[in-house]
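Read off the chains here:
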Amino acid sequence: GRGLLGRRIGVEGELDQVLRAYRVHNLHLAEHAKDIQTLTDFDLPNIRHNLAKCSGQLEDLGRKEAETARQAEARKAGFQAACRQLDLPGHGDMKEELQALARELGPQLKASIQKIRGTEVVEAVAFYRNYVKEAHSRSDTEENG
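Scope of this entry: the structure provided in the associated data block. For clarity, every value in this text was computed on a predicted model and none was experimentally measured. (Residues numbered from 1 in each chain as written. Predicted model: local features only at pLDDT ≥ 70, side-chain atom pairs only at ≥ 80, totals over all residues. Heavy atoms only, no water.)

### A look at the overall build of the chain
Next, step 1: Looking only at helices and strands, one finds four helices and zero strands in the chain.
Next, step 2: In the chain, the succession of α and β elements from N to C terminus is α-α-α-α.
Next, step 3: In terms of principal-axis extent, the alpha carbons of the chain reach across some 140 × 50 × 35 Å.
Next, step 4: Total accessible area on the chain is roughly 13,200 Å²; 58% of this is exposed by carbon and sulfur atoms.
Next, step 5: Each charge class in the chain was averaged separately, 22 positive and 23 negative side chains, and the resulting centres sit 7 Å apart. (Helix = DSSP H or I, 4+ residues; strand = E, 2+ residues; numbered from the N terminus. Areas by Shrake-Rupley, 256 points an atom, 1.4 Å probe, with all protein chains shown as cover. Lys, Arg positive; Asp, Glu negative; His and termini not counted. Charge placed at Lys NZ, Arg CZ, Asp CG, Glu CD.)

Below, the structure is given as structure tokens:
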């Protein structure tokens, strides 16, 4: 409650006097000094430790990034070499390049089939059959005889 002059009385009045003395006599400065001491003794070393840890992680990521770039270049060189072996340009749309290669295979396969069906191959196959038949018939007669 309040007294005759509007001041608080009882426990509230005592608390109000303490708060007024706290503000008037700059007692809050000691509390702020204690907070600053806590910051310098505990929080700043923790922040420095976290900063060192983050710096180490950044260095690791830099190394990993460089290694990844080297691996990408090696893969790219290997890919280009494989494309050269297949006579592919290797720098356009790979699907289109492979489809073009497949279209070129059709006539080449037809030419191969025509050569296989040619007289030279037919004669060679007949000669081989006769040779195998003769070889087996000789081994059968030698085993029985």
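### Brief notes about the pattern of salt bridges
Next, step 1: One pass over the full model with this rule turns up three salt bridges.
Next, step 2: Notably, a salt bridge pairs Asp 60 with Arg 63, separated by 2.2 Å at the nearest N-O pair. On the criterion of helical spacing, the pair formed by Asp 60 and Arg 63 is a turn pair, its members being three residues apart in helix α2 (residues 28–85).
Next, step 3: The class for Arg 63 is exposed, based on a relative accessible area of 51%.
Next, step 4: Here Glu 67 ties to Arg 70 by a salt bridge, and the two come within 2.7 Å at their closest N and O atoms. On the criterion of helical spacing, the pair formed by Glu 67 and Arg 70 is a turn pair, its members being three residues apart in helix α2.
Next, step 5: Relative accessible area serves as the criterion here: at 51%, Arg 70 is assigned to the exposed category. (Salt bridge = Lys/Arg side-chain N within 4 Å of Asp/Glu carboxyl O. Buried < 20%, exposed > 50% of the residue type's maximum accessible area, 1.4 Å probe, protein only.)

### Details of the environment of Tyr 22
Next, step 1: Among the secondary structure elements, Tyr 22 is positioned in helix α1 (residues 11–24).
Next, step 2: For Tyr 22, a relative accessible area of 27% puts it in the partly exposed group.
Next, step 3: For Tyr 22, the residues in contact, after removing those within four places along its chain, are Leu 27, His 28 and Glu 31. (Contact = heavy atoms within 4.5 Å.)

### Describing a nonpolar patch on the surface
Next, step 1: Together, Leu 15, Val 18 and Leu 19 line one region of the surface with nonpolar side chains, adding up to about 280 Å² of accessible area.
Next, step 2: Relative to the assigned elements, Val 18 resides in helix α1.
Next, step 3: Judged by relative accessible area, which is 53%, Val 18 ranks as exposed. (Patch = residues over 30% accessible without salt bridge, like charges linked within 9 Å, V, L, I, M, F, W, Y side chains within 5 Å.)

### Brief notes about α2
Next, step 1: Taking 1.5 Å of rise per residue, the 58 residues of α2 would be expected to cover 86 Å, and the 81 Å separating its terminal C-alpha atoms lies within 8% of that figure.
Next, step 2: In α2, a bend of some 40° at Leu 39 exceeds every other bend along the element.
Next, step 3: Positive backbone phi, at 55°, marks Asp 87, one or two positions downstream of α2. (Expected span 1.5 Å × (residues − 1). Bend = angle between axes of the 7 residues up to and from the residue.)

### Topic: the environment of Phe 127
Next, step 1: Structurally, Phe 127 is set in helix α4 (residues 119–144).
Next, step 2: On the basis of relative accessible area, Phe 127 is assigned to the exposed category, the value being 62%.
Next, step 3: Separated by 113 residues in sequence, Phe 127 and Glu 14 place their C-alpha atoms 125 Å apart.

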